[in-house]
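# Architecture and fold: a report
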Amino acid sequence: MTKPRPAPLRERDITRQIAREYYKEFDQLIESDVIIVGAGPSGLICAHDLAKMGFRTLIIEQSLALGGGFWHGGYLMNKATICEPANEILEEIGVPCKKIRECEGMYMVDPPHATGALIASAYKAGAKVLNLTRVVDLILRRDGILEGVVVNNTTAEMAGHDVIHVDPIALESKIVVDATGHDAIVVELLHKRNLYQKIPGNGAMWVSRSEEEVMDRTGEVYPNCFVIGLAVAAVYGTPRMGPAFGSMLLSGRYGAGLIAKKLKNE
């Protein structure tokens, strides 16, 4: 077998090409059809579906890694449950789902495999990503019309404004999706601006009720602002669900359909 030889890349060229590619792409991210805040399972499948439909879709994630809490199951056991028919979404993107015979409607998945596949499928569909980016405020015009988000580098925000003051920048969109889970960051910012009621946060655990309520309440909570996934439970004060991720996927897909309908009607 012939030993492969790596191409002799120059350090200056590596730096130059990274900068060129980043800022060339960044210019295209300043305006989107949809900005999805949060790259957990609901945000990723929502982005996949919208991008696949041809909408300019940007995911903003405050962490370095995408995937939210889906990389692991409960109590550091890397298995996670999926309720029927959410297994069909994962099987569609090539993730094996094991049916649990003694528990009707339950499937088991390997979270790292499922999360990796969701990330890959979102990229493949054409969604764009800004990670290590935190939403710190909203673009609100005229009578409180939501038209985008204000973002900053997560590390600058973590340092605190007393240590390093870096002004944020603005990214415009027609729709903003809150997929930030327990924190419901986008809706919390609406509340901060006196445009939405106080967010109660998740209630105590009741898995079946939680998953039902997430699906029942997924949708538009403020003009041009949609909530999906666990952010729905935070906004409405419905129960938490723990390491059960079925409604996360189903809500992301259902939310994408609602958003697409609104964009097409406009």
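Because the structure is predicted, anything quoted here is derived from the model rather than measured. (Residues numbered from 1 in each chain as written. Predicted model: local features only at pLDDT ≥ 70, side-chain atom pairs only at ≥ 80, totals over all residues. Heavy atoms only, no water.)

### Thoughts on a nonpolar patch on the surface
A cluster of nonpolar residues, Leu 9, Ile 14 and Ile 18, forms a patch on the protein surface that exposes about 310 Å² of accessible area. A relative accessible area of 62% means that Leu 9 is categorised as exposed. (Patch = residues over 30% accessible without salt bridge, like charges linked within 9 Å, V, L, I, M, F, W, Y side chains within 5 Å. Areas by Shrake-Rupley, 256 points an atom, 1.4 Å probe, with all protein chains shown as cover. Salt bridge = Lys/Arg side-chain N within 4 Å of Asp/Glu carboxyl O. Buried < 20%, exposed > 50% of the residue type's maximum accessible area, 1.4 Å probe, protein only.)

### Points about the packing of aromatic side chains
For the structure on display, the rule yields three aromatic pairs. On the numbers, 5.8 Å between centres and 20° between planes, the contact of Tyr 22 with Phe 26 is stacked. You can see Tyr 22 and its partner Phe 26 sitting in helix H1 (residues 11-29), four residues apart, about one turn around the helix. For Tyr 22, a relative accessible area of 41% gives the class partly exposed. By relative accessible area, which is 17% here, Phe 26 ends up buried. Ring centres of Phe 70 and Phe 245 lie 4.5 Å apart, and the angle between their planes is 40°; on these two criteria the pair is classed as tilted. (Phe/Tyr/Trp six-rings, centres within 6.5 Å; stacked < 30°, edge-to-face > 60°. Helix = DSSP H or I, 4+ residues; strand = E, 2+ residues; numbered from the N terminus.)

### Looking at the sheet that holds strand E5 (residues 106-109)
Across the sheet, three strands lie side by side as E3-E5-E4; this open sheet has antiparallel pairing. Single-partner strands in this sheet number two, and they are strand E3 (80-83) and strand E4 (98-99). In the sheet, E3 pairs with E5 via four bridges, with the strands oriented antiparallel. Each residue of the ladder has a partner; that of Ala 80, found in E5, is Val 109. (Pairing = 2+ DSSP bridges.)

### Thoughts on the UniProt feature "binding site: Fe cation" (unreviewed entry) in the protein chain
Those residues carrying the UniProt feature "binding site: Fe cation" (unreviewed entry) are Asp 167 and His 182 in this numbering. These annotated residues cover 16 residues of sequence, and their C-alpha atoms reach 26.6 Å apart at the extremes, leaving them scattered rather than at a single site. Structurally, Asp 167 can be placed in the loop between helix H5 (154-159) and strand E9 (169-178). Relative accessible area serves as the criterion here: at 55%, Asp 167 is assigned to the exposed category. Of note is the side chain of Asp 167, whose polar atom sits 3.0 Å from the side chain of His 165. As for its position among the elements, His 182 is in the loop between E9 and helix H6 (185-192). Ignoring sequence-local partners within four residues, the contact set of His 182 consists of Asn 202, Leu 230, Ala 234 and Arg 240. (UniProt positions renumbered as here; feature names shortened; annotations may be inferred. Polar contact = N/O pair within 3.5 Å; in protein donor to acceptor, adjacent residues only side chain to side chain. Contact = heavy atoms within 4.5 Å.)

### Remarks on the packing of helix H2 (residues 41-52) against helix H9 (residues 246-265)
Packing of H2 against H9 leaves a shortest axis separation of 7 Å and a crossing angle of 40°. Seen from above, H2 lies across H9 with right-handed handedness. Counting all contacts with H2, which are made through Pro 41, Ser 42, Ile 45, Cys 46, His 48, Asp 49 and Leu 50, the residues of H9 involved are Met 248, Leu 249, Gly 252, Arg 253, Ala 256, Ile 259 and Ala 260. In terms of residue class, the contact of H2 with H9 is built from nine nonpolar, three polar and two charged. (Axes fitted to C-alpha atoms, helices over the stretch in contact; angles between N-to-C directions. Left-handed = near helix turned anticlockwise from the far one by under 90°. Nonpolar A, V, L, I, M, F, W, Y, C, P; charged D, E, K, R; others polar.)

### Topic: the packing of H2 against helix H4 (residues 111-125)
Between H2 and H4, the least distance of the axes is 8 Å, while the angle of their chain directions is 25°. Regarding the angle of H2 to H4, the classification is roughly parallel. Both H2 and H4 take part in a crossing whose hand is left-handed. Judged by residue contacts, Pro 41, Leu 44, Ile 45, His 48, Ala 51 and Lys 52 of H2 engage Leu 118, Ile 119, Ser 121, Ala 122 and Ala 125 from H4. Looking at side-chain class alone, the contact of H2 with H4 contains eight nonpolar, two polar and one charged residues. (Parallel < 35°, antiparallel > 145°, perpendicular 65-115°, else oblique.)

### A look at the state of the cysteines
Throughout the structure, instances matching the rule amount to zero disulfides. Summary of cysteine pairing: Cys 97 is not part of a disulfide, and the nearest cysteine sulfur, belonging to Cys 83, is at 11 Å. When its relative accessible area of 14% is taken as the criterion, Cys 97 is described as buried. (Disulfide = S-S within 2.5 Å.)

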